[in-house]
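# Working through the structure, step by step
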Amino acid sequence: MTRVGVSVVDITPPPGGAMSGFAARQAPAEGAHDALTVRALVVEDTALVAVDVIGIDAALSARVRARSPLPAQNITLAATHTHGGPVSMPGRLAGRADAEFLRRLETGILRAIEEAAQARQPARLYGGCGAEPGFASNRRHAGGPVDRGVPVLRFDRMDGTVLAYFVSYACHPVVLGADNLHWTADYPHFLRARLEAASPGAIAIFATGCAGDVNTGHSAAASLSRARQSDRTYDRARIIGEGVAQAALAADLAPLTGASGAGEGFDSLRFAPREVGDRADLARRWRAASQAPGDIHAIWAEWAEQRMGREIDPMPARCTALHWAGARILGLPGEIFARTALDLRQSLGGTGPLHIIAYADDNPGYIPPREEFDAGGYEVEEAHRFYGMGASIAPGVAEALSQAAQRAAETAAIATAEGCSIKTSNNKESSHDIQG
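Below: a short report on this structure. All residue numbers refer to position in the chain's written sequence, counted from 1. Residue-level local features of this predicted model are given only where pLDDT is at least 70; pairs of side-chain atoms are given and counted only at 80 or more, and the full residue set underlies all totals for whole chains, interfaces and linings. Neither water nor hydrogens contribute to the side-chain values; these are computed over all heavy atoms in the structure.

## Quick word on the environment of arginine 236
For clarity, the threshold we go by: Strands here are runs of E lasting at least two residues and helices are runs of H or I lasting at least four, both read from the DSSP assignment and numbered beginning at the N terminus. In this analysis, two residues are considered to be in contact whenever any of their non-hydrogen atoms come within 4.5 Å of each other.
Locating arginine 236 in the fold gives a position in helix H4 (residues 234–249). For the pair arginine 236 and threonine 216, spaced 20 residues apart in sequence, the C-alpha to C-alpha distance is 10.0 Å. Not counting residues within four places of it along the chain, the set of residues in contact with arginine 236 comprises Phe135, Val175 and Asp231.

## Observations regarding the packing of helix H3 (residues 187–198) against H4
Rules: The axes used here are C-alpha line fits, helices contributing only the stretch in contact, and every angle between their N-to-C directions lies in the interval 0 to 180 degrees. These descriptions rest on fixed angle ranges, namely under 35 degrees for roughly parallel, over 145 for roughly antiparallel, 65 to 115 for roughly perpendicular, and the rest for oblique. For any pair of crossing helices, the crossing counts as left-handed if the nearer helix is rotated counterclockwise from the farther one by less than a right angle, and right-handed if it is rotated clockwise. Residues were grouped as follows: Ala, Val, Leu, Ile, Met, Phe, Trp, Tyr, Cys and Pro as nonpolar; Asp, Glu, Lys and Arg as charged; and all remaining residues, including Gly, as polar.
Direction vectors running N to C along H3 and H4 enclose 45 degrees, while the axes themselves pass 7 Å from each other. Of the possible angle classes, the one that applies to H3 and H4 is oblique. Here H3 and H4 pass one another in a crossing that is right-handed. Along the contact surface, H3 presents Tyr187, Phe190, Leu191, Arg194, Leu195 and Ala198, while H4 presents Tyr234, Ala237, Arg238, Ile240, Gly241, Glu242, Val244, Ala245, Gln246, Ala248 and Leu249. Taken together, the residues of the contact of H3 with H4 break down into twelve nonpolar, two polar and three charged.

## Some remarks on the nonpolar core
Heads up, the condition is: Definition of nonpolar core: a set of buried residues of the types Ala, Val, Leu, Ile, Met, Phe, Trp, Tyr and Cys, connected through side-chain atoms within 4.5 Å. Whether a residue is buried, partly exposed or exposed follows from its accessible area with a 1.4 Å probe, protein chains only, as a fraction of its type maximum: under 20%, in between, or over 50%, in that order.
Of all hydrophobic cores here, the largest spans 96 residues; its most connected members are Val51 and Ile109. No other element matches helix H10 (residues 397–418), which puts eight residues into this core. What isoleucine 109 contacts, discounting residues up to four positions off in sequence, is Val38, Val49, Val51, Ile56, Leu60, Val64 and Leu77. If you look at the next biggest cluster of nonpolar residues, it comprises 26 residues, including Leu48, Leu153, Phe155 and Ile203.

## Section: the pairing of strand E13 (residues 203–208)
Rule in force here: In this description, strands pair whenever DSSP reports at least two bridges between them.
Taking burial as the measure, the six residues of E13 include six buried ones, the bulk of the element. Alternating residues of E13 divide into Ile203, Ile205 and Ala207 and Ala204, Phe206 and Thr208, and every residue in both groups is buried. Pairing of strand E11 (residues 162–169) with E13 involves six bridges; the strand directions are parallel. Looking across to E13, one finds that alanine 164 is bridged to isoleucine 203.

## A few points about the environment of serine 7
Heads up, the rule is: What qualifies as a polar contact is a pair of N or O atoms within 3.5 Å, subject to a donor-acceptor requirement within protein and to the restriction that residues adjacent in sequence count only when both atoms come from side chains.
Relative to the assigned elements, serine 7 resides in strand E1 (residues 2–10). You can call serine 7 buried: its relative accessible area is 4%. Only 2.8 Å separates the side chain of serine 7 from the side chain of glutamate 115, close enough to count as a polar contact.

## Focus: the packing of helix H1 (residues 58–67) against helix H2 (residues 99–118)
Viewed as axis vectors pointing N to C, H1 and H2 meet at an angle of 40 degrees, and their least axial separation amounts to 10 Å. One element, H1, and the other, H2, form an angle in the oblique class. The element H1 and its partner H2 pack so that their crossing is right-handed. Between H1 and H2, the contacting residues are Leu60, Arg63, Val64 and Arg67 on the first element and Leu105, Glu106, Ile109, Leu110 and Ile113 on the second. Residue classes in the contact of H1 with H2 are distributed as six nonpolar, no polar and three charged.

## Things to note about H4
This is how it is decided: What a helix is expected to span follows from its residue count: subtract one and scale by 1.5 Å. Starting at the helix axis, one direction is taken to each C-beta atom, and the arc is that of these directions.
For H4, built from 16 residues, the straight-helix expectation of 22 Å at 1.5 Å per residue is met to within 8% by its first-to-last C-alpha distance of 22 Å. Along H4, the residues that are buried comprise Tyr234, Ala237, Ile240, Gly241, Val244, Ala245, Ala247 and Ala248. Looking straight down H4, one finds that the buried residues subtend no more than 160 degrees of arc, so they occupy a single side. Summarising the contacts, the buried residues of H4 are in contact with strand E8 (121–130), strand E10 (150–157), E11, strand E12 (182–183) and H3.

## As for the packing of aromatic side chains
Stated formally: Only centres within 6.5 Å qualify two rings of Phe, Tyr or Trp (six-membered ring in Trp) as a pair; their planes then separate them into stacked at under 30 degrees, edge-to-face at over 60, and tilted for everything else.
All chains considered together, the criterion is met by nine aromatic pairs. Seen in terms of ring centroids, tyrosine 187 and phenylalanine 206 are 5.8 Å apart; in terms of plane orientation they differ by 70 degrees. Their pairing is edge-to-face. Taken together, the residues tyrosine 187 in helix H3 and phenylalanine 206 in strand E13 connect sequence positions 19 residues apart. In this pair, the class of tyrosine 187 matches that of phenylalanine 206, namely buried. Aromatic pair phenylalanine 337 and tyrosine 366: ring centres 6.5 Å apart, planes at 90 degrees, arrangement edge-to-face.

## Here we look at helix H6 (residues 296–306)
Of all the residues in H6, the buried ones are Ile296, Ala298, Ile299, Trp300, Ala301, Trp303 and Ala304. If you follow the buried residues of H6, they end up packed against helix H5 (279–289) and helix H9 (383–387).

## Concerning the pattern of salt bridges
Note the following rule: For this document, the term salt bridge refers to a Lys or Arg side-chain nitrogen within 4 Å of an Asp or Glu carboxyl oxygen.
With the rule as written, the count across this model stands at 25 salt bridges. A salt bridge links glutamate 106 to arginine 63; the nearest nitrogen and oxygen atoms lie 3.0 Å apart. In this pair, glutamate 106 sits in helix H2 while arginine 63 sits in helix H1, placing the two residues 43 residues apart along the sequence. Look at arginine 63 and you get partly exposed, because its relative accessible area is 40%. One salt bridge in this structure joins glutamate 311 and arginine 307, with 3.6 Å as the shortest N-O distance. Taking the relative accessible area as the measure of exposure, glutamate 311 reaches 62% and is therefore exposed. Relative accessible area serves as the criterion here: at 23%, arginine 307 is assigned to the partly exposed category. In this structure, a network of salt bridges that share partners links the residues Arg65, Glu264, Arg318 and Asp361.

## Side note on the state of the cysteines
Rule in force here: The disulfide criterion is simple: two cysteine sulfur atoms within 2.5 Å.
For the coordinates displayed, the defined rule picks out zero disulfides. Here cysteine 129 stays unpaired: no disulfide links it, and the sulfur of cysteine 210, its closest cysteine neighbor, is 14 Å away. Cysteine 319 takes part in no disulfide bond, and the closest cysteine sulfur to it belongs to cysteine 210, at a distance of 10.0 Å. For cysteine 319, a relative accessible area of 0% corresponds to the buried category.

Next up, the structure:
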């Protein structure tokens with residue numbers, strides 16, 4: 001049998017903190033609609049941790065993994081990417097990060113891993129994929145790519161009761177809009193609550209799939225307004241969350257057996273400036289276009305003055321793979337597009353459950369596949385300014401990360417077959433052709 005442990009730690013901050021996710025939202029949080037949590041799932045000496053924040057940077061991931069009771073290489077640490085949480089990445093996505101919350105976040109993640117590791121018990125694993133519930137839509141192209149379906153793993157105690165669920169779904173947790181002023185995990189809150197209600201005593205863990213260009217149907221521009229939108233409410237978030245949960249509960253699950261292991265693959269995040277004009281000229285133009293403090297053009301002007309063209313040397317990027325008794329969980333950093341996930345599925349093949357999750361171990365912004373650059377748009381041309389990055393991600397990075405994830409999966413498979421816990425494919429100096 002496989003030893004499995006699970007834990008939940010509440011990290012909800014008090015009212016009054018800056019919220020992250022919408023440039024149009026300037027007001028602080030007025031309270032909490034639902035708890036923001038860290039949820040850790042430990043399988044043997046590997047772990048998946050899901051955190052209700054918009055992103056976790058690589059430095060925080062490295063610190064926590066180094067301090068955990070498990071091997072640092074065996075841990076995947078993913079943000080759910082809720083847009084109803086506090087600032088969680090210093091220097092990114094505007095807003096000032098609260099030092100006390102950052103401490104709570106780091107200690108909460110570490111505590112969740114420790115508690116789940118201590119709580120490991122024999123368990124049986126089951127896995128499968130639920131039918132697509134029909135909520136996810138490509139926001140850049142009508143009828144465009146979506147990584148469909150609801151991959152699900154269920155972990156049962158030896159007495160037959162459910163210990164934990166792990167579910168992923170490739171759709172932005174951004175049902176609530178910029179008018180929301182309450183802490184919330186967005187639709188994943190309702191998804192987890194529905195699963196836990198179906199199996200009292202169980203803990204549900206949710207991770208967001210490759211949803212960089214996928215949400216529930218609105219455009220990226222719709223999130224630039226503070227105006228209330230009739231389709232972006234808590235009632236709608238409940239319908240979506242419970243609908244995804246129902247797809248998971250209805251999935252045909254098969255028993256999973258075998259060893260568990262982990263793998264890593266590395267490459268580089270490379271950047272390519274897309275702005276035309278010098279820093280000072282762009283800042284003047286955008287300040288002239290600004291109509292109110294903190295509006296879009298004011299944010300862009302501040303970005304040009306403080307961040308444009310700075311710190312754009314290649315950054316290391318970590319991709320991970322967890323193999324749990326035949327199930328595979330791949331983790332990639334940043335806002336990965338659906339096409340990358342679909343290409344990965346085709347390349348990897350296999351018959352067992354396959355979760356491909358984004359926002360794992362870092363979130364430097366949108367990482368479009370090469371073919372998306374000609375289409376331009378918010379994700380390609382503008383989002384890096386809100387993220388506080390010195391330039392946009394370069395063409396070819398998505399493809400390089402896909403290769404790194406495949407290397408991680410291959411080495412995890414070898415580690416599992418050999419009965420080892422970790423293998424590393426280290427390619428920090430990539431030979432891939434990534435053009436700026």
